[in-house]
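# Close look at the chain arrangement
Residues per chain are reported as follows:
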Protein chains: 2
Amino acid sequence: MAMKQLESKSALSEKEGIPQPESFSQSALEKIVTNRKHQPSAEDLITGILKGDKVALSRAITVVESTNPAHTSKVNDIIHACLPHANNSIRIGITGVPGVGKSTFIEAFGTYLTSIGKKVAVLTVDPSSTISHGSILGDKTRMEELVKDENAFIRPAASGETLGGVARKTRETIILCEAAGFDTIIIETVGVGQSETAVHSMVDFFLLLKISGAGDELQGIKRGIMEMADSIVINKADGDNVAKAKLAKTEFNRALHLFPAKSSGWIPQVTTCSAYEKTGIDTIWKIISDYFELVKANHYFDQKRQDQNQFWMLETINEQLKSNFYNNPEIVKLLEENKLAVASNKKSPFLAALELLSSYFK
Amino acid sequence: MAMKQLESKSALSEKEGIPQPESFSQSALEKIVTNRKHQPSAEDLITGILKGDKVALSRAITVVESTNPAHTSKVNDIIHACLPHANNSIRIGITGVPGVGKSTFIEAFGTYLTSIGKKVAVLTVDPSSTISHGSILGDKTRMEELVKDENAFIRPAASGETLGGVARKTRETIILCEAAGFDTIIIETVGVGQSETAVHSMVDFFLLLKISGAGDELQGIKRGIMEMADSIVINKADGDNVAKAKLAKTEFNRALHLFPAKSSGWIPQVTTCSAYEKTGIDTIWKIISDYFELVKANHYFDQKRQDQNQFWMLETINEQLKSNFYNNPEIVKLLEENKLAVASNKKSPFLAALELLSSYFK
């Protein structure tokens, strides 16, 4: 067979070749083309969101999460149109180290909220998902009941190269969810790096989930996290664990007294629950409701949201100023040299800084 | 008398006037001129410093502290010449709220150190002195013995407009003191604002001074400060206070166990002393000596100093990048508008940031 193909008259003549099998299915191509044609416009997405359409919401979030610069103006249009319909919500941050049962808790808490008429959106801030991409499926399968709930919307972790990038996307996703009518936004953080701080600066209420241990409850807690918490909930207070959980509650209450008073005027509350047995969830909701009653009455709620907006504006600016400087090719080179000179005491840190700055601004 | 002066021939003629008394003393003027002429050169100052001349050291610090841009190259010359002779010291930061007896402690500790052959420089970081200028005389008079000590050098707080400015001057003053042969640098912070953090990032060892209270020792401590401390010293352990101080020691020891291990490998030590009765000072010096033995052996000492140098370089750059941006006249105007738009949810924080950045970089 092969020899027949080589019956050519000249070394330069090209062989006719054999018919190649199609490397893609024609029907798949047609689907892609159709899909591209039907890529919804910003207006379509906005209309869908404002009607509470979860598919439109999902698609809009995908646009917001896109790193394609061509999407920037579309993102801005969507956000701009959603902003006047956003902000009518409560935003709850939930954190806790792996193993405390965050997903089970959110499943129990979320279904409780929808049962009392709330519309719940669950978002996750997970800077580590950039690398692993592993938590996406995990989250959804661990919230089996909530994912099927008509009044719930679960969006897995946005991925991004930096925590700043992830935070921006999550902040904008909150706006879209609120515009779509979700009145209770739950933002889960996986407790990696600085993600708790980022989440704390985008929520109204911060809940720290814990489990009881062997008496040394305070060991290994990142100090800053406890200081941020508006409530500490000790999960897995079931079976043999009930007594231990109560003891942990006493210990945390004592520890919380060591912290200075919060500017919200709120005194952080400690409680126990079993997400597995779905007990204690109503008490948690009572604590959260009390908090919002207080901070809406004393105007801390509005003030904090305004402060958060300004914080994110300034944070974005500061990050970008640094990014521009440290990614400047000339600075990259000079910085390495100066780092060495400074580390070995050949140059004072301030002189090195001045040299770098004058090179950048020249 | 007055009428005689008005015997003029024309309205336009000027009166001769009476001889005025001299408004300054001629001898004072001569002194000033002589002094200006003898303003020491960078070379004079460097020679003096390296000989250990305290007058030259003092004058050089004044140059370093100067905000006159004309002095910049002189400052750089002095620092550059001193750097190779610096760094052979231990740097100890001391903090504590007003009333714990910091000055009395430094007096007792400093004189102990000179008695065992050390050369001690005491510097103060006090961002509040910019406003009050009040602590300068206070410091010196409260350290009566040390100020007369040949082997001690006390320099009151550098004033500056920002903590960053104060920190830079203090860092450079450390270099000069070390080049002048001072082997033990004590940096006192008055516990205002972020000054403890700034001091922590320029010393090897951080000492928190406390007094015993009514059993609630942990109340009101800024959390971050306790976490930074390499040693907690309970002062005023004298007279009726001895038992209370011991109790406080136990409480602090228990509290310190809650913190994660330090990367230096050092376990923070709690001890008591009476700066007034000069008791317990030798134990403190033993603790500090043990620390330096450990961190010099495990190379944490060198690593930390290198990290601190790089930290200050990057910190200076980042502060200057922000300062350039936020002091840009166009940005000042735009920022106000955008702050309002963002606070009232008319614009997303990220869109506002992008607008400001593109205006700055255009």
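The model shown is predicted, which means the values in this text are computed figures rather than measured ones.

Residues and elements named next belong to chain B. Pairing is parallel across the open sheet formed by seven strands, whose spatial order is 3-2-4-1-5-6-7. Pairing within the sheet leaves two strands with one partner each, and these edge strands are strand 3 (152-155) and strand 7 (269-272). Within the sheet, the average angular offset between the axes of one strand and its neighbour, ignoring direction, is 20°. With four bridges joining them, strand 2 (residues 120-125) and strand 3 adopt parallel strand pairing. Each residue of the ladder has a partner; that of Val120, found in strand 3, is Ala152. Across the sheet, helix 6 (residues 102-115) is in contact with strand 1 (90-95), strand 2, strand 3, strand 4 (184-189), strand 5 (205-211) and strand 6 (231-235); its angle to strand 4 comes to roughly 180°.

It is worth spelling out the packing of aromatic side chains at this point. Following the criterion strictly, the structure yields 24 aromatic pairs over all chains and no others. Measuring from centroid to centroid gives 6.1 Å for A:Phe292 and A:Phe301, while their planes differ by 65°, and the two rings are edge-to-face. In this structure, A:Phe292 and A:Phe301 share a single accessibility class: buried. Considering the side-chain rings of A:Phe350 and B:Trp312, the 6.1 Å spacing of their centres and the 45° angle between planes classify their relative orientation as tilted. Of this pair, A:Phe350 sits in helix 17 (residues 349-361) while B:Trp312 sits in helix 15 (residues 300-326), on two different chains.

For the rest of this paragraph, the subject is the relation of the copies chain B and chain A. Expressed as a screw transformation, the operator carrying chain B onto chain A has a rotation angle of 180° and an axial translation of 0.0 Å, and the superposed copies differ by an RMSD of 0.1 Å. Such a combination of rotation and displacement between the chain copies is what one expects of a two-fold axis. If distances are taken from each C-alpha of chain B to the rotation axis, the shortest is found for B:Leu321, at 3.3 Å. Comparing contact sets, 100% of the residues at the interface of chain B also lie at the interface in chain A, consistent with an isologous, same-surface contact.

On to the pattern of salt bridges, then. Any two side chains of opposite charge can pair, so long as their charged atoms come close to each other. Residue and element names in this part refer to chain A. Counted according to the given criterion, the structure contains 20 salt bridges over all chains. Close ionic contact of Lys333 with Glu337 constitutes a salt bridge, the shortest N to O distance being 3.8 Å. Placement of the pair is Lys333 and Glu337 together in helix 16 (residues 329-343), with a separation of four residues, close to one helical turn. Assessed through its relative accessible area of 56%, Lys333 is described here as exposed.

Each side of the interface is counted separately: chain B has 48 residues, and chain A has 48 residues. A buried area of about 4,700 Å², summed over both sides, lies between chain B and chain A, and 69% of it is on carbon and sulfur atoms. Between the two partners, chain B and chain A, sit zero salt bridges. Along the contact surface separating chain B from chain A lie ten residue pairs in polar contact (both at pLDDT 80 or more). In terms of residues, the side of chain B that touches chain A owes the most to one element, helix 15 of chain B, which gives 15 residues. Each residue belonging to the side of chain B that touches chain A can be placed in one class, and the counts come to 24 nonpolar, 15 polar and nine charged.

Right, let's get into helix 6 of chain B. Residues and elements named next belong to chain B. Given a rise of 1.5 Å per residue, 14 residues ought to cover 20 Å, and the 20 Å separating the end C-alpha atoms of helix 6 matches this to within 8%. Of all the 14 residues making up helix 6, eleven are buried; the element is thus mostly covered by neighbouring parts of the structure. Listing the buried residues of helix 6 in full gives Lys102, Ser103, Phe105, Ile106, Glu107, Ala108, Phe109, Gly110, Thr111, Leu113 and Thr114. Looking one or two residues beyond helix 6, the residue adopting positive phi is Gly117, at roughly 95°.

All names here are of chain A. The seven strands are arranged 3-2-4-1-5-6-7 in an open sheet whose pairing can be described as parallel. Of all the strands in the sheet, the pair left with one neighbour each is strand 3 (152-155) and strand 7 (269-272). The average angle at which neighbouring strand axes cross in this sheet is 20°, direction not considered. In this fold helix 6 (residues 102-115) packs onto strand 1 (90-95), strand 2 (120-125), strand 3, strand 4 (184-189), strand 5 (205-211) and strand 6 (231-235), with an angle of close to 180° to the strand it touches most, strand 4.

All names here are of chain A. As assigned here, chain A comprises domain 1 (39-85), domain 2 (86-298) and domain 3 (311-361). Residue-level contacts link 19 residues of domain 1 with 20 residues of domain 2. Between domain 1 and domain 2, the buried area comes to about 1,700 Å², and carbon and sulfur atoms account for 61% of it. Note that Glu65 is salt-bridged to Arg155, the shortest N-O span being 3.1 Å. Where domain 1 touches domain 2, the interface holds nine residue pairs in polar contact (both at pLDDT 80 or more). The set of elements that each furnish at least two residues to the side of domain 1 that touches domain 2 consists of helix 3 (42-50), helix 4 (54-65) and helix 5 (72-82).

Looking now at the pairing of strand 6 of chain A. All names here are of chain A. Most of strand 6 sits inside the fold, with five of its five residues counted as buried. With burial as the criterion, each face of strand 6 is covered, one bearing Ser231, Val233 and Asn235 and the other bearing Ile232 and Ile234. Across five bridges, strand 5 lies against strand 6 in parallel orientation. Within the sheet, the bridge partner assigned to Leu207 lies in strand 6 and is Ser231. The handedness of the strand 6 to strand 7 crossover, carried by helix 13 (residues 242-256), is right-handed.

The next subject is the environment of B:Lys54. With respect to the element layout, B:Lys54 can be found in helix 4 (residues 54-65). With relative accessibility at 27%, the residue B:Lys54 sits in the partly exposed group.

Let's shift gears to the environment of B:Ile186. All names here are of chain B. In this structure, Ile186 sits in strand 4. Ile186 sits 77 residues away from Phe109 along the chain, and the two C-alpha atoms are 9.8 Å apart. What Ile186 contacts, discounting residues up to four positions off in sequence, is Ile92, Ile94, Ile106, Phe109, Leu113, Val120, Ala121, Val122 and Leu123.

Cut-offs used in this document
Residues numbered from 1 in each chain as written. Chains lettered and ligands numbered in written order. Predicted model: local features only at pLDDT ≥ 70, side-chain atom pairs only at ≥ 80, totals over all residues. Heavy atoms only, no water. Pairing = 2+ DSSP bridges. Helix = DSSP H or I, 4+ residues; strand = E, 2+ residues; numbered from the N terminus. Axes fitted to C-alpha atoms, helices over the stretch in contact; angles between N-to-C directions. Contact = heavy atoms within 4.5 Å. Phe/Tyr/Trp six-rings, centres within 6.5 Å; stacked < 30°, edge-to-face > 60°. Buried < 20%, exposed > 50% of the residue type's maximum accessible area, 1.4 Å probe, protein only. Least-squares fit on C-alpha atoms with pLDDT ≥ 70 in both. Salt bridge = Lys/Arg side-chain N within 4 Å of Asp/Glu carboxyl O. Buried area = accessible area lost by both parts, 1.4 Å probe. Polar contact = N/O pair within 3.5 Å; in protein donor to acceptor, adjacent residues only side chain to side chain. Nonpolar A, V, L, I, M, F, W, Y, C, P; charged D, E, K, R; others polar. Expected span 1.5 Å × (residues − 1). Domains from an automatic or database assignment. Right-handed = clockwise from strand over helix to strand, strands pointing away.

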